[in-house]
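Each chain, written out:
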Amino acid sequence: MSKVLFLVADGMAGWPLDILDGKTTLAAAHTPNMDALAPASLCGRCQTVPNGMPPGSDVANMALLGYDPNRHHTGRGPIEAAAQGLRLDSDDLVWRMNLVTVSDLTPGGVMRDYSSGHITTQIAAPLLTRLAEIARGGLFTPVPGIQYRHLLVQKNGATTAAAHLTIRPPHDILDQSIEQDLRAFATFPELDAFIRQAHAFLAAETSSAATSIWPWGQGRPLNLPEFTQQRGLRGAVVSAVDLVKGLGRAAGMDVLEVDGANGLIDTNYEGKVQAALDFLRHGDSVYVHVEAPDECGHMGKAVLKRQSIELFDQRIVAPIVTALRDTDTTIVITCDHFTPVVRRTHTEDPVPFLVYQTRAPRTDGPAVFTEDTAASTDLFLPRGEDLMTLALESGR
Ligand SMILES: [Zn+2]
């Protein structure tokens with residue numbers, strides 16, 4: 001059977017931009033390698049985000065890995081907990097916890113930055129140590145992660161009202177009022193009290209731009225069926241971000257660690273490629289995830305996002321295609337969701353994809369790979385998990 005490689009550029013797709021003469025960042029980017037594959041590929045669109053679910057990377061990457069989010073998704077926090085191999089009880093409630101910059105923790109407050117100025121892990125670590133001290137003896141346990149992305153475990157919280165609070169992801173409410181979220185936090189007094197204690201410490205601490213914690217994406221521990229049993233492939237994931245590692249780990253896949261993989265535009269592309277190729281020598285399937293286009297979309301930076309897509313094309317797609325040219329491999333190129341620069345957040349539009357089979361190149365694919373050319377074919381997959389199925393079938 002053919003090997004299967006997913007190359008996923010997080011948030012790569014977007015909407016047309018005036019500043020790019022009405023083109024999307026993907027269409028405007030110089031991507032000769034993806035464009036060379038397109039005519040020889042099966043192209044189309046895939047609804048990675050099920051109707052009614054939030055268009056998050058957690059939902060969409062779960063679907064691309066072949067799991068129906070409607071059945072398996074419990075929250076973003078639980079996925080990232082799986083990434084860390086955290087031991088949890090089935091009634092624990094796991095929150096994703098950002099270090100954020102808010103103007104003030106009052107109803108008049110505004111979300112200034114979901115990442116505290118892209119705080120480094122090195123600067124965040126002592127803050128998390130102190131937050132753990134503040135939390136000691138209470139319901140909550142902060143768990144350090146990387147950069148601005150951390151976790152908060154609420155003992156036996158899955159059976160409490162906290163499990164049902166609706167808190168918006170901080171990247172969705174940039175420069176917006178936080179009043180409705182504060183009102184939701186306030187309905188669970190222990191959580192509200194901990195957030196206020198954390199704010200009192202962080203706002204006074206001058207080593208970083210962080211002024212508050214922001215718990216969101218809470219749920220019960222994740223429980224996914226094994227990828228190998230589901231698909232008959234021995235699989236691995238390569239990513240800088242905890243949520244993709246968590247999905248992989250929860251699915252029983254190998255999680256390939258790459259030094260210098262940081263989720264930003266200067267990530268270690270060559271290291272990711274090498275890790276994927278090394279794994280494919282004995283394994284069957286690798287899911288390579290690159291975070292940078294999404295981050296650029298959140299920053300609202302069209303030119304930087306275009307550049308991040310060009311880097312993905314030059315430094316991920318090109319070396320992979322070259323290395324695998326004479327093998328029997330199905331290469332899927334796609335993104336988990338749209339992150340339009342004009343929106344600075346995700347949308348649920350169906351994502352463009354291409355499926356290229358090294359042994360059976362097609363001749364009827366579109367001339368180049370963009371949102372529009374993918375939409376111009378009649379191929380539409382109504383469920384994200386269908387793309388993994390299609391990739392497997394393409395290699396048979
Ligand atoms: Zn994002």
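Note: the structure precedes this text.
Residues numbered from 1 in each chain as written. Predicted model: local features only at pLDDT ≥ 70, side-chain atom pairs only at ≥ 80, totals over all residues. Heavy atoms only, no water.

**Overview of the overall build of the protein chain**
Regarding its fold elements, the protein chain presents 15 helices and 13 strands. The C-alpha atoms of the protein chain give a radius of gyration of 21 Å, which matches the 21 Å a tight globule of 396 residues would have. Each principal axis of the C-alpha distribution contributes one length, and for the protein chain these read about 60 × 45 × 35 Å. In the protein chain, buried positions account for 60% of the 396 residues. Here the analysis covers contacts within the protein chain between residues at least 6 apart in sequence; of these, 74% occur between residues at least 24 apart. About 15,300 Å² of surface is accessible on the protein chain, with carbon and sulfur atoms providing 49% of the total. Within the protein chain, one finds 33 positive and 46 negative side-chain charges whose respective centroids are separated by 2 Å. (Helix = DSSP H or I, 4+ residues; strand = E, 2+ residues; numbered from the N terminus. Rg over C-alpha atoms; globule rule 2.2 N^0.38 Å. Buried < 20%, exposed > 50% of the residue type's maximum accessible area, 1.4 Å probe, protein only. Contact = heavy atoms within 4.5 Å. Areas by Shrake-Rupley, 256 points an atom, 1.4 Å probe, with all protein chains shown as cover. Lys, Arg positive; Asp, Glu negative; His and termini not counted. Charge placed at Lys NZ, Arg CZ, Asp CG, Glu CD.)

**Some points on empty space enclosed by the protein**
For the structure on display, the rule yields 1 cavity of 30 Å³ or more. Within the residue set of the lining of the largest cavity, elements represented by two or more residues are α5 (76-84) and α12 (292-299). Ranked by the residues each element gives to the lining of the largest cavity, the list is headed by α12, at 3 residues. When the residues that make up the lining of the largest cavity are grouped by side-chain class, the tally is 4 nonpolar, 4 polar and 8 charged. (1 Å grid on protein atoms, 1.4 Å probe; cavity = no way out; pocket = protein on both sides within 12 Å on 5 of 7 lines; lining within 4 Å. Points joined across faces, edges and corners; volume = space filled by probe spheres on them. Nonpolar A, V, L, I, M, F, W, Y, C, P; charged D, E, K, R; others polar.)

**Concerning the coordination of the zinc ion**
Ligation of the zinc ion by protein atoms is provided by Asp294 (OD), Asp294 (OD), His298 (NE2) and His346 (NE2), these donors lying 2.0 to 2.5 Å from the ion. Bound by 4 donor atoms, the zinc ion shows angles of 57 to 142 degrees at the metal and therefore irregular coordination geometry. (Donors = N, O, S within 2.8 Å, 3.2 Å for Na, K, Ca; no water. Tetrahedral: all angles 85-135°; square planar, octahedral: opposite > 155°, others 65-115°.)

**What about the state of the cysteines?**
Tallying each qualifying case throughout the model produces 0 disulfides. Between Cys296, a free cysteine, and Cys335, which holds the nearest cysteine sulfur, the sulfur-to-sulfur gap is 14 Å. Here Cys335 stays free of any disulfide, with the sulfur of Cys46 as its closest cysteine sulfur at 9.9 Å. (Disulfide = S-S within 2.5 Å.)

**Overview of unusual backbone geometry**
The phi dihedral of Ser116 is positive, around 50 degrees, even though this residue is not glycine. One can find Ser116 in the loop between β4 (111-113) and α6 (121-135). Take Ser116: its relative accessible area is 3%, and that puts it in the buried class. In this structure, Arg344 takes a positive phi of about 60 degrees despite not being glycine. If you trace the backbone, Arg344 turns up in the loop between β11 (329-334) and β12 (351-357).

**Observations concerning the sheet that holds strand β10 (residues 285-290)**
Pairing in this open sheet of 8 strands is mixed, and the strands run β9-β8-β10-β1-β11-β12-β2-β13 from one edge to the other. The open sheet is flanked by β9 (254-256) and β13 (380-381), the only strands paired with a single partner. Sheet analysis places strand β1 (residues 3-9) next to β11, joined by 6 bridges and oriented parallel. Bridge assignment links Leu7 to a residue of β11, and that residue is Ile333. (Pairing = 2+ DSSP bridges.)

**Notes on the pattern of salt bridges**
Under the criterion given, the structure shown has 17 salt bridges. Among the salt bridges present, the one from Asp89 reaches Lys155, with a minimum N-O distance of 2.8 Å. Of the two residues, Asp89 sits in the loop between α5 and β3 (93-102) while Lys155 sits in the loop between β6 (149-154) and α7 (179-186), which places them 66 residues apart along the sequence. On the basis of relative accessible area, Asp89 is assigned to the partly exposed category, the value being 42%. Among the ionic pairs, Glu257 bridges to Lys245, the shortest N-O distance being 3.1 Å. A residue pair is termed long-range when its members are at least 10 positions apart, and Glu257 in the loop between β9 and α11 (269-280) and Lys245 in helix α10 (residues 242-250) qualify at 12 residues. Each of Arg76, Glu80 and Arg96 takes part in a single network of salt bridges with overlapping partners. (Salt bridge = Lys/Arg side-chain N within 4 Å of Asp/Glu carboxyl O.)

**Regarding the environment of Asp278**
In this fold, Asp278 is placed in helix α11. For Asp278, a relative accessible area of 30% corresponds to the partly exposed category. Distance from Asp278 to Ala38, taken between C-alpha atoms, is 26 Å for residues 240 residues apart in sequence. Here Arg281 takes part through its side chain, which lies 3.0 Å from a polar atom of the side chain of Asp278. (Polar contact = N/O pair within 3.5 Å; in protein donor to acceptor, adjacent residues only side chain to side chain.)

**Points about the layout of surface pockets**
Empty space within the largest pocket amounts to approximately 550 Å³. Around the largest pocket, the lining is made up of 24 residues, and of these Pro54, Ile167, Pro169, Trp216 and Gly217 lie nearest the centre. Mapped by element, the contributors of at least two residues to the lining of the largest pocket are α3 (57-64) and β7 (212-219). Looking at the lining of the largest pocket element by element, the count peaks at 3 residues for β7. Its residues assigned to classes, the lining of the largest pocket shows 9 nonpolar, 11 polar and 4 charged. One number sums up the size of the second largest pocket: a volume of about 230 Å³.

**Looking at the environment of Phe6**
Along the chain, the position of Phe6 falls in strand β1. Sequence separation between Phe6 and Leu64 is 58 residues, and the spatial gap between their C-alpha atoms is 8.8 Å.

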